[in-house]
Structure formats: C-alpha cells, structure tokens
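Coordinate inspection notes
Spelled out, the chains give:
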Amino acid sequence: MDQPPVFFDLVPFRVRLGVTGHRTLPESHTLSDDIKSILSSRYVEAFTSDAQQALTKAFDTPIAFTIVSPLAEGADRLVANTVLDCGGQLEALLPMPREEYENDFHTSKSRQEFADLLDNAHRIACTDCDGTVNDADYRHNAYRHVGEETLERCDILIAIWDGKEAQSDCGTGAIVKLAREKSKPVFILTPANPGSVTLENEGVLPADFIAELNKFNAFRISRKQMTDYCNNEFSDLLKSTSDTPAKISAVEQIPVHLKQLVRERLIPNYCRASLIARKNQGRYFSTGKRAYFFSTISVAFMAGAIVFAKLPYLSLPGYMIELALLITLYVMIHRAVHGRVHHFWLEHRVLSERLRMAFYYVACGEVPLATEKGKTIHRRNRSWVELAYREILYRLPEIARPEEPPLQVYGTFIQQWWLAGQHSYHTKKAQTAALRNKLLKKLGMGCFGLAIVVSVIHHLFAIGAVAGCHVEGVTLLVEELLSIVAVTLPAAGAAVNGYRSLLEQSRIASRSAGMAHHLELIMNRPLPKDSTEFRHYLERIEELMLMESHDWLALMEHAELENIA
C-alpha cells in the first residue's frame, strides 16, 4: 500500500522563556496582555542589533517559544497558560517530586489546574535537591534551586515582581538580582501597574546561526520529490523489504507507532539535509573536476601559443582561449567558495548523519541525549547544525519503549539493520575508494610516463637538428605538436594527482576499513540484557559513529577548492 505524503515542518528558532513571580496576583487579564506583547514583538529587544536584523531576514524560519516554569500558583501558571495559548510549549520544572509538590496547593481547584498544565507539558523534569522531605530546610532549598535552574535554562526571564527586595534567597527579588548579575535579559511586569513592561539587560542575546538555519528551511523541494525520497529512505531503513529472514523478522516486530514516529518526525529533516548535502557535494566535486581540467587545457593552449608564436593567427587565439579558461576557472572557484559549497556539504552531511543515528534510537523507544540538562547558555559556541539537531529532537514527544516485544528484539534489530548495514557500507566504501584511488594514481603516473616518452622523442628531433637533419612539412608540425604535448602531459598528471588529493580516496579507504573492523567487533559482542545496558549499547555505537563522522569532517574540511588555484 502506498505511503501517505510526507510534510516537512520548518525547524524553528526557539526562544526559551523562564518565569519568576509572586503567588498572589491581582486581576490577571492585563498581565496576560503584557505577556502577549513580549511574545508578539518585544522579545526581539533582548537580542543584539545584528541578531535582530538576522531574525527579520529569516523569512522561512518561524520563532517558537518554550516557557520553563515550576508551575507554582500565581505568576508561574499565568505565564505558562499565556504561552500555551499563544502556541508555545511548556517545560515543567518541578522543585520536588509531584506528589510532594502537590501538598503545597491547598485547594482542589489549584491541584486540578496544576494537573491540567502537566498534561499539556511537552517535557516534565524535577530538579535535584540535596536532602529529604523531612529536613527542616528541604522546601526552602528546593524552591531556591528550582528558581536558579529556571534562570539557567532560559534565554529570557519574565518576572512578575512588585520591585521589593526579597525576604529570602528563593524569592522573586533574589532571582531577579541573580539574573542581573548574570546579564540575563529580564522583562519586569509590575502587578500594581498593569501595562508597565520594562526590560533589563537588553540587546545581549546572539542569533549567530539563524541565517544558516533559514537556508536549511528555505531549500526548495517539491512535495512529490520529498514524499518519494522519504518513502525510499523509509523502505531502506525500517521496512521489511530485505531478502534476509532475520532482518525481516527483526524489523516487523518493532512497534508501528515507533516506526511511524521515525518516518513522520525524523526522516523528512534527514532527507532535506541529505538533499542539500548531495547538491553541494556534487557542485563541489564537479567544480574541482572542471577546475583541474580547465587548468590543464589552459596550459595546452598556452604551450601552443608559444610554439606557434611566429604564426599570429594561431598564437593569438591560443592566448585568448588560455585567458578565457583562466577567467572561467577563477569565476567558477570564486562562485563555489562564495556560495560556501564546501561548508554546506560538510555541515548538512553531519546533520544528516546525526539524524540517521537518531532513527535507530527512536525505533527502539529511546531518544539520543540532545541537551545538557536543557541549558541554553553559551549559544554562540554551538554550531547551527547542533542546535538544529537539538531542536528536531526536542520536538519529539515523550517516548517510552513498550513492554512487548522483548528487549532482545531491539538488540537484534540494531545488529541486523544498523550495525550490519553500516558494516556493509564501510566495507564497500573501503573497496571502492581504494580502487578509485588506485586508478587515479595509475592515470597520473601514466601521464608522467607518457610525458617522458614524448620528451625522449622530442629530444631525438633536437639531436637530429644538431646533426644537421632539419625537418619540414608534416614532420615539423608533428615536432611542434609534440612540444605542446610534452608541456601539457605533466600538467595533466599534476591535475589528476591534485584531483585525487581533493577526493582523499586513500584516507577514506583506510578510515572505512578501520570503521568496518570496529563495527564487526561490536557485532560480535553479546546483546544487552536489560534497559540500562541497552542504552549504554546504543551510546557506544553512537560514539563510534560520531568519532567516524568527526574524523571524516576533520579530513575533508581542509580539502578546499581554493587550494586548486
């Protein structure tokens, strides 16, 4: 049966809001309007001027909001409800286990409101607090810690605060003071003065990666092409189309809802990243191939112009063609470099490989570790690829592996589909790269060998001329053509070796052979026996894949087109 069409959801630029404030508030209608004004436009004031310009130009990248809230009565819930009403997501950060926390809500209405918000939360977490509930200062420390953690996890803090100094180090005033010290943007809403919204520490947030993320979102691909490509990838990855009974049995036992989650939420982003990588890879290698070819041909025409210098009707066109080829070569390399073809290929290849790893996690009811406890600090030190990957995973719903099928089924699935597939890929890659490197090496050496032969023949003509045997007519033309060939062949040999160096086939063959060996070692290990061991098993495989990806990236990022010139 045909698969339904695939729809690509744009990867948003996410702004994470935190909240602190009083538990008792006046009429919340006006305060809610103040919060909406922040979400609609005022949030940009927290960003640098360059970031604001980048945000306004990112037409294909939506802005998404997540509110990090402890969901205490009053301000915490007001901001959470307003963000949810505006289409944002809620990340509930509880100061203590839910059952204990509910004891602080004294009415059934309050407890029901708390339960409703948790039901609408995209993520629920509980902070780690030292001590036990029986300790005298347990609650004080828990509320202080959750306030500090909320501040740590957000980009912008919303404080509904009367401006009075805090009576304790876990109060609203204390959190606002800490935000000021950390230069965290803080929108302060005054309960007694509705409509008054002030921003402290404005103009400090960067948005360095928004342009690259927008290019990812803006890449045009038809719905039919996306659907066909995604269905093909889904068939290759998670459908029982293999002739191997073990593979068919393993994948058929994976729960349908997990496979559909991979297909609908991960594969479209993977296919987009893969298509962009392929497009830029093709342009990168075609530019390199043409550049080396044009440089060789330009040498041939230059040699011809020099040989036939006494014949202007031959030499002048030679000079002109050689100039035209050099200009074309320059423009071609300049456009590829200016278009960041090399970088886009590498970056999107890395993103697609990260998403491919996530396929197998999700199919097994697991999610790769994509956050550092949810923190968003040091944004400028992260690449857009990492942040896009984190956002794609963040939008996944909570995943839990069902009790059936047993864990062994997932282990067999990983071995048969992930490990065996990667082992086969790297084995073939090593063989193909080694063969291609060998052929290019022979071609380059063949050019140099032929150049020696031509040079010897050319020297024989020269010796004959010294001996008084001067050639004329066709023989003279052959001698002059041999001069051109003698100059061109070494350039051709250098071009072939240069292209071979650009492809890095020798190193790729060596790396893939080593990768196949490491994969084989993992495949020969016993399958994990419990959930914790299985998680570590997946992480070991991912670590190996990431190491291979980083090695490849380190290898290829130095093979730039500028080196041709």
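What you see is a predicted model; the values in this text were computed from it and never measured. (Residues numbered from 1 in each chain as written. Predicted model: local features only at pLDDT ≥ 70, side-chain atom pairs only at ≥ 80, totals over all residues. Heavy atoms only, no water.)

1. Some points on the nonpolar core
Membership of the largest hydrophobic core comes to 108 residues, with the highest contact counts inside it found for L17, F47, L189, L266, F413, I414 and W418. Apart from the residues lying within four places of it in its own chain, the contact partners of F47 are F13, V15, Q52, L55, G203, V204, L205, P206 and A207. Among the nonpolar cores identified, the runner-up in size contains 21 residues, and Y284, W345, L346 and L503 belong to it. (Core = buried A, V, L, I, M, F, W, Y, C linked by side-chain atoms within 4.5 Å. Buried < 20%, exposed > 50% of the residue type's maximum accessible area, 1.4 Å probe, protein only. Contact = heavy atoms within 4.5 Å.)

2. Some points on the pairing of strand β7 (residues 197-200)
In regular strands, side chains alternate between the two faces of the sheet. The alternating pattern of β7 places V197 and L199 on a buried face, while none of T198 and E200, on the opposite face, is buried. Where strand β6 (residues 186-189) and β7 come together, four bridges link them in antiparallel fashion. Across the sheet, I188 pairs through a bridge with T198, a residue of β7. (Helix = DSSP H or I, 4+ residues; strand = E, 2+ residues; numbered from the N terminus. Pairing = 2+ DSSP bridges.)

3. Details of the sheet that holds strand β2 (residues 63-69)
As summarised here, the arrangement of the seven strands in space is β4-β3-β2-β1-β5-β6-β7, forming an open sheet in which the pairing is mixed. Single-partner strands in this sheet number two, and they are β4 (123-126) and β7. Taking the axes of each pair of neighbouring strands and ignoring which way they run, one obtains an average angle of 25° across the sheet. In the sheet, β2 pairs with strand β3 (residues 89-94) via four bridges, with the strands oriented parallel. When the bridges of β3 are listed, T66 appears paired with Q89. Sheet strands touched by helix α14 (residues 384-394): β1 (13-21), β2, β3 and β4. Its angle to β1, the strand with the most contacts, is close to 65°. (Axes fitted to C-alpha atoms, helices over the stretch in contact; angles between N-to-C directions.)

4. Describing the side chain of E347
Within the secondary structure, E347 is located in helix α13 (residues 341-363). At 3.1 Å, the side chain of E347 forms a polar contact with the side chain of W384. Each residue touching E347, except ones within four places of it in the same chain, is listed here: R340, W384 and V385. (Polar contact = N/O pair within 3.5 Å; in protein donor to acceptor, adjacent residues only side chain to side chain.)

5. Quick look at helix α12 (residues 312-338)
Its 27 residues give α12 an end-to-end C-alpha distance of 38 Å, which sits within 8% of 39 Å, the value for a rise of 1.5 Å per residue. Listed as buried for α12 are S315, G318, E322, L325, L329, M332, I333 and A336. Immediately beyond the C-terminal end of α12, within one or two residues, lies R340, with a positive phi of roughly 55°. (Expected span 1.5 Å × (residues − 1).)

6. Thoughts on the packing of helix α6 (residues 138-153) against helix α7 (residues 172-181)
What describes two packed helices is the angle between their axes and the distance between those same axes. Taken N-terminus to C-terminus, the directions of α6 and α7 make an angle of 35°; their axes are 10 Å apart at the nearest point. Between α6 and α7 lies a crossing of right-handed hand. On α7, the residues touching G147, E148 and L151 of α6 are I175, L178 and A179. Each residue belonging to the contact of α6 with α7 can be placed in one class, and the counts come to four nonpolar, one polar and one charged. (Left-handed = near helix turned anticlockwise from the far one by under 90°. Nonpolar A, V, L, I, M, F, W, Y, C, P; charged D, E, K, R; others polar.)

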